[in-house]
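This is what each chain is made of:
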Amino acid sequence: GPRLVTAVCAEPSLLLRVSDAGLERIARLRPDIWRAVATLVYFQLRNALQMAAEVAALPPRQRLASRLLMLARGRASPAVLNINQQGLAEMIGLTRKTVNGHLAVLQREGAVRLDYGRIWIEDVRRLHAFLAPHSHQAAQRAIGAILQGVINLEDNPELGRPVGPEGDVEVVGD
């Protein structure tokens, strides 16, 4: 089954795998490419932290709406997501049955349209409307603080701490 690092392509994709030695060589010889890689990593970290905060702070329907918005970002409207309900459920830590029920509500409200193995995002504003009434101020502050920390690290990489040459994990704190 899927593992923490399992990647599943829902569409034809191009995958580039670069070894640790290759990354070190890129960093040394092509700092411009290294900066682009670092920017991508910061973007992925920001998304991961946002998703973690949403799991902790948002009720299931709002978590689903937020993930649909994230998956549709940058796509033409109406956006089509090539994902089935089981895959979507696994992404947000819910059962397929729960996701199915919430998607049915979103479909009745005109926010999405369900198709076999696909979800059409019909109305982004309606999806945002599902988030608005349940956006708790505390959750928003937590998400903001986490994201600000990522931005600070992006702007000031010297704040990070290197790990040992073998990639040892360093525990910092009490």
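Being a predicted model, the structure only gives us computed values, none of them experimental.

(A) Structural context of the sheet that holds strand β2 (residues 112–115). Strand order in the open sheet made by the three strands is β1-β3-β2, with antiparallel pairing throughout. The open sheet has two edge strands, β1 (79–81) and β2, and neither has a second partner. Shown here is a sheet whose adjacent strand axes are inclined to one another by a mean of 20°, direction ignored. Here helix α5 (residues 96–108) sits on the sheet in contact with β2 and β3 (118–121), set at roughly 125° to β2.

(B) Up close: α5. Taking 1.5 Å of rise per residue, the 13 residues of α5 would be expected to cover 18 Å, and the 18 Å separating its terminal C-alpha atoms lies within 8% of that figure. When α5 is considered as a whole, its buried residues turn out to be Val99, His102, Leu103, Val105 and Leu106. Buried positions in α5, seen along its axis, are confined to an arc of 155° and lie on one side of it. With respect to the buried face of α5, the exposed residues turned more than 90 degrees away are Lys97 and Arg108. Elements that come into contact with the buried residues of α5 comprise α3 (60–72), α4 (85–92), β2, β3 and α6 (124–131). Gly110 sits one or two positions beyond α5 and adopts a positive phi of about 85°.

(C) Spatial organisation of the pairing of β2. Judged from the four bridges that link them, β2 and β3 form a sheet pairing that is antiparallel. Its bridge partner lying in β3, Asp115 is registered against Arg118. The loop that links β2 with its antiparallel partner β3 comprises two residues; one of these, Gly117, has a positive phi angle of about 70°.

(D) Looking closely at the nonpolar core. Residues Leu68, Leu103, Leu106, Val112, Ile121 and Leu127 are the most contacted members of the largest nonpolar core, which totals 24 residues. Taken together, the elements giving at least two residues each to this core come down to α3, β1, α4, α5, β3 and α6. For this core, the element with the most residues is α3, which contributes five residues.

(E) Examining the side chain of Arg67 more closely. Assignment of secondary structure puts Arg67 in helix α3. Sequence-distant contacts of Arg67, that is, excluding residues within four places in its chain, are made with Met51, Leu88, Met91 and Ile92.

(F) Fine view of the pattern of salt bridges. The final tally for this structure, using the stated rule, is three salt bridges. Asp32 is paired through a salt bridge with Arg30; the nearest N and O atoms lie 3.0 Å apart. Note on Asp32: relative accessible area 39%, which makes it partly exposed. Since its relative accessible area comes to 41%, Arg30 is described here as partly exposed. For the salt bridge of Arg113 with Glu122, the shortest nitrogen-to-oxygen distance reads 3.0 Å.

Rules used in this analysis
Residues numbered from 1 in each chain as written. Predicted model: local features only at pLDDT ≥ 70, side-chain atom pairs only at ≥ 80, totals over all residues. Heavy atoms only, no water. Pairing = 2+ DSSP bridges. Helix = DSSP H or I, 4+ residues; strand = E, 2+ residues; numbered from the N terminus. Axes fitted to C-alpha atoms, helices over the stretch in contact; angles between N-to-C directions. Contact = heavy atoms within 4.5 Å. Expected span 1.5 Å × (residues − 1). Buried < 20%, exposed > 50% of the residue type's maximum accessible area, 1.4 Å probe, protein only. Arc of directions from axis to C-beta. Core = buried A, V, L, I, M, F, W, Y, C linked by side-chain atoms within 4.5 Å. Salt bridge = Lys/Arg side-chain N within 4 Å of Asp/Glu carboxyl O.

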